[in-house]
Amino acid sequence: MYQMSSIKKLSMKKFYGARIKQIREALGMTQSDFAETFNTSRQFLNNVEGNRATFSDVKLIELQDKHNVNLNFVLNNIGQMFLDKSTNDIVSIKLKKGQLLKVEYEE
């Protein structure tokens, strides 16, 4: 799969709160329920959705793993909101100056 140490600040200066809220609502979850799925508070999630905070790299990966979310959608507004269940393994992550450029998934 991939090494967490090879990921450099996926969330660096990215504001994606509206897309996080869109994902949460598509899942039919409250802020409290959604936040609980990856051990964060409802207040912190509210701050993320309001673009006052961002998730750590680990939380972004958890978001993908637990909810089958496409990180390209979250970070770059590219592609579909959710991954096809058969393609949820990350093969490579391309970075430039700490910002996510592209996530490639196993086919």
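Here we summarise the structure given alongside this text.

Calculation criteria
Residues numbered from 1 in each chain as written. Predicted model: local features only at pLDDT ≥ 70, side-chain atom pairs only at ≥ 80, totals over all residues. Heavy atoms only, no water. Helix = DSSP H or I, 4+ residues; strand = E, 2+ residues; numbered from the N terminus. Buried < 20%, exposed > 50% of the residue type's maximum accessible area, 1.4 Å probe, protein only. Areas by Shrake-Rupley, 256 points an atom, 1.4 Å probe, with all protein chains shown as cover. Contact = heavy atoms within 4.5 Å. Salt bridge = Lys/Arg side-chain N within 4 Å of Asp/Glu carboxyl O. Core = buried A, V, L, I, M, F, W, Y, C linked by side-chain atoms within 4.5 Å.

**Focus on the overall build of the protein chain**
At step 1: The helix and strand tally for the protein chain stands at five helices and two strands.
At step 2: Starting at the N terminus and walking to the C terminus, you meet the elements of the protein chain as α-α-α-α-α-β-β.
At step 3: By residue count, 41% of the 107 residues in the protein chain fall in the buried class.
At step 4: About 6200 Å² of surface is accessible on the protein chain, with carbon and sulfur atoms providing 47% of the total.

**Overview of the environment of Arg-19**
At step 1: If you trace the backbone, Arg-19 turns up in helix H1 (residues 17-26).
At step 2: Taking relative accessible area as the criterion, Arg-19 reaches 15% and is therefore assigned buried.
At step 3: Along the primary structure Arg-19 and Val-74 are separated by 55 residues, whereas in three dimensions their C-alpha atoms are 5.9 Å apart.
At step 4: Ignoring any residue separated from it by four or fewer positions in sequence, one finds Arg-19 in contact with Phe-73, Val-74, Leu-75, Asn-76 and Asn-77.

**Brief notes about the pattern of salt bridges**
At step 1: The full count for this structure, using the stated rule, is three salt bridges.
At step 2: With a shortest N-O distance of 2.6 Å, Glu-49 and Arg-24 are connected by a salt bridge. Within this pair, whereas Glu-49 is found in helix H3 (residues 42-49), its partner Arg-24 is found in helix H1, the two being separated by 25 residues in sequence. Of the two residues, Glu-49 and Arg-24, neither departs from the other in class, the shared state being buried.
At step 3: One salt bridge connects Lys-66 with Glu-62, and the closest N-O pair in it is separated by 3.9 Å. Of the two residues, Lys-66 and Glu-62 are both situated in helix H4 (residues 57-67); the distance of four residues between them amounts to about one turn of the helix.
At step 4: Judged by its relative accessible area of 45%, Lys-66 falls in the partly exposed class.
At step 5: Through salt bridges with shared partners, a single ionic network connects Lys-59, Glu-62 and Lys-66.

**Concerning the environment of Gly-17**
At step 1: Here Gly-17 lies in helix H1.
At step 2: A sequence separation of 28 residues divides Gly-17 from Leu-45, and the C-alpha atoms of the two residues are 8.8 Å apart.

**Description of the nonpolar core**
At step 1: Ranked by internal contacts, the top residues of the largest apolar core, which has 19 residues, are Tyr-16, Ile-20, Phe-55 and Val-74.
At step 2: Among the secondary structure elements, those contributing two or more residues to this core are H1, helix H2 (31-36), H3, H4 and helix H5 (71-76).
At step 3: In this structure Val-74 touches Tyr-16, Arg-19, Ile-20, Ile-23, Leu-60, Leu-63 and Val-69, once residues within four positions along its chain are discounted.

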